[in-house]
Amino acid sequence: MRGRTWAWLGAALLAATTAAAQESPRAVTDADYAPVNRAEAELGQLLFFDPILAGNRNISCATCHHPRFATSDGLSLGLGEGAIGLGPDRHVTDTNIPEQHIPRNSPALFNLGAAEFTRLFHDGRIEADPSRPTGLRTPMEDEMVTGFVSILSAQTMFPVLSPDEMAGHYSENEIAKAVRSGRITGEGGAWDRIAARVAAIPAYQARFESVYPDIAAGRALEFTDISNAIASFVAFEWRSDTSPFDAALRGETPLSPEATAGAELFYGAAGCAECHSGPFLTDHQFHAMAAPQLGPGKAERFESHSRDEGRARVTNRAEDRFAFRTPSLRNVARTGPWGHAGGHRDLASFVTDHAARAEGLARYQSQAVLPELSVSKYVWAILDDAAARAEIAAAAGPGIALSADEVSAIVAFLESLTDPDAIAGRLGIPESVPSGLPVER
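### Considerations on the overall build of the chain
Summing up its helical and strand segments, the chain has 17 helices and nine strands in all. Across its three principal axes, the chain shows a C-alpha extent of roughly 65 × 50 × 40 Å. Considering only intrachain contacts with a sequence separation of at least 6, the fraction spanning at least 24 residues in the chain is 66%. Of the accessible surface of the chain, which amounts to about 18,300 Å², a share of 52% is contributed by carbon and sulfur atoms.

Put into structure tokens, the structure is as follows:
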């Protein structure tokens, strides 16, 4: 967009003259989001913070997506089942020690109720697909059931089935046992057992009947009802479009001079907007960027490697190896550590290495935020493997070198995407939940 004037920054006008300059995004409007039923969102709030959904009744959705950590967990790689505490204070005890860290960084939840978010998780393994009876493509393939009202709703089915995240292990509870035996859907399956737990609590049953008329009319409460309510809460609670960046887009208040300089680089010479485009600063595509990989990687239980090949695990295409979904940058300055494995705890350092790609990986020194875990021998396996590191770097290709001043300006622009109201949320953390289990604060 050579020579165009950046009037979208309000009084601070920029001349975007580089060949790499991108279209400026439009302002977000109500039309970008599906309407939310407030009563359904309030029900979802209780479920989101209630450990009743976990196999051992000890972990809630909020454990890894807590408002204290801008809907993430403040860790490079989280600890689910077998650990206690929140964020960087989460730790293991002498009993029920986790088998491994969760393989990928916990993603933020901002704006997931917007219609353009049709792929979720770092590898996009669930996505909207109108050609399928369920409207969704997921790893469950033909076993996928109908009833999930959105891709955001379907996302919740994965953590409750993961032994390392929420389900626990097969010797510990009936939900984990059902997962291990492959019984997910249908009577006696993992989802059915979770729904039965919730329905057995009178306060929840009454809430569901008040929100869903067909349940009030006698239909049994199903897991998809739980999932739909949680999705409604996430969409309502963490809509984010009132940051300084949004005010500038709407012509209300210009960005600061340093943030404006960062925007010029972001949409110009630095090329950030080639991937981080549109109103939510993501193209929803998959790119290999040579982000450092920590932890156990993504492997089937019969495999012993520590690799994480990203999108290629979904598509089986060689060209997708080490590619990960472009994250939205809303509130990015508060959602670290950064990278699909949380390799960087410093945003400026991440921006520097991310832009440099292969060279950034070559010089990477650990900035990980990882609770100590006795079975952590695999944490550095890929970074210590020169051949694997070279393969990741080759997939990304060359990047660009940014000066310290350029990085500082880009970080100032990224700070302008911070929306304190969205981070705080609209409903907040409930005082208590119907199960009576502890609420993590």
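### Quick word on the side chain of Asp241
Looking at the element boundaries, Asp241 is found in the loop between α9 (223-237) and α10 (244-249). By relative accessible area, Asp241 is classed as buried at 5%. With near-sequence residues (within four places) excluded, Asp241 lies in contact with Val28, Tyr33, Asp246, Arg250, Arg330 and Asp419.

### What to know about the packing of aromatic side chains
In this structure the tally under the stated criterion is 16 aromatic pairs. Between Tyr33 and Phe280 the ring centres are 6.1 Å apart and the planes differ by 80 degrees, which places this aromatic pair in the edge-to-face class. Placement of Tyr33 in the loop between β2 (15-16) and α1 (38-48) and of Phe280 in the loop between α11 (257-266) and β8 (286-288) is noted, with a sequence separation of 247 residues between them. For the residue pair Tyr33 and Phe280, the accessibility class agrees, reading buried in each case. Look at Phe48 and Phe233: their rings are 5.3 Å apart centre to centre, the planes differ by 55 degrees, and that puts the pair in the tilted class. With Phe48 in helix α1 and Phe233 in helix α9, the pair connects residues that are 185 residues apart, well separated along the chain.

### Here's the deal with the confidence of the model for the chain
When the pLDDT values of the chain are averaged, the result is 93; 94% of them are 70 or greater. In this model, residues 1-8 is a region of pLDDT below 50 whose contacts with residues beyond four sequence positions or in other chains number 34 contacts. The model gives residues 10-21 a pLDDT under 50, and that stretch makes 37 contacts with residues more than four places away or in other chains.

### Focus: the sheet that holds strand β7 (residues 136-137)
Read from one edge of the open sheet, three strands run β5-β6-β7, paired in antiparallel fashion. Across the chains shown, the open sheet's two edge strands, defined by having one partner strand only, are β5 (119-120) and β7. Relative to β7, strand β6 (residues 126-128) is paired through two bridges, and the arrangement is antiparallel. Note that in β7 the partner of Glu127 across the bridge is Arg137.

### Let's talk about the side chain of Ser227
Mapped onto the fold, Ser227 is located in helix α9. Apart from residues lying up to four places away in sequence, Ser227 is in contact with Phe148, Ser153, Ala154 and Thr156.

### Quick notes on the pattern of salt bridges
Counted under the stated rule, the structure contains 25 salt bridges. With a shortest N-O distance of 2.9 Å, Glu42 and Arg38 are connected by a salt bridge. Residue Glu42 and its partner Arg38 are located together in helix α1, separated by four residues, close to a single helical turn. A relative accessible area of 28% means that Glu42 is categorised as partly exposed. The salt bridge involving Glu174 is made with Arg197; its shortest N-O contact spans 3.3 Å.

### Some points on the environment of Gly124
Its place among the elements puts Gly124 in the loop between β5 and β6. As a C-alpha pair, Gly124 and Asp89 span 35 residues in sequence and 29 Å in three-dimensional space. With residues near it in sequence (within four places) discarded, Gly124 still touches Arg119, Arg137, Phe286 and Arg311.

What counts, and at which threshold
- Residue positions are given per chain, counting from 1 as you read along its sequence in written order.
- Since the coordinates come from a predicted model, pLDDT governs what is reported: local features require at least 70, and pairs of side-chain atoms require 80 or more to be given and counted, while whole-chain, interface and lining totals use all residues.
- The basis for every side-chain value is the complete set of heavy atoms in the structure, and neither hydrogens nor water enter the calculation.
- Per the convention used, a helix needs a DSSP run of H or I reaching at least four residues, while a strand needs a run of E reaching at least two, with both numbered from the N terminus.
- Between two residues, a contact is recorded if the distance between any of their heavy atoms is within 4.5 Å.
- In short, Shrake-Rupley with a 1.4 Å probe defines the accessible areas, and a residue's cover is counted only from the protein chains shown.
- Burial status follows relative accessibility: with a 1.4 Å probe on protein chains alone, a residue under 20% of its type maximum counts as buried, one over 50% as exposed, and anything between as partly exposed.
- Pairing of aromatic side chains here covers Phe, Tyr and the six-membered ring of Trp, requires ring centres within 6.5 Å, and sorts the geometry by plane angle: under 30 degrees stacked, over 60 edge-to-face, intermediate tilted.
- Along the chain, pLDDT gives the predictor's confidence residue by residue, from 0 to 100.
- Note: two strands are recorded as paired if DSSP finds a minimum of 2 bridges between them.
- Salt bridges are defined as contacts in which a side-chain nitrogen from Lys or Arg sits within 4 Å of a carboxyl oxygen from Asp or Glu.

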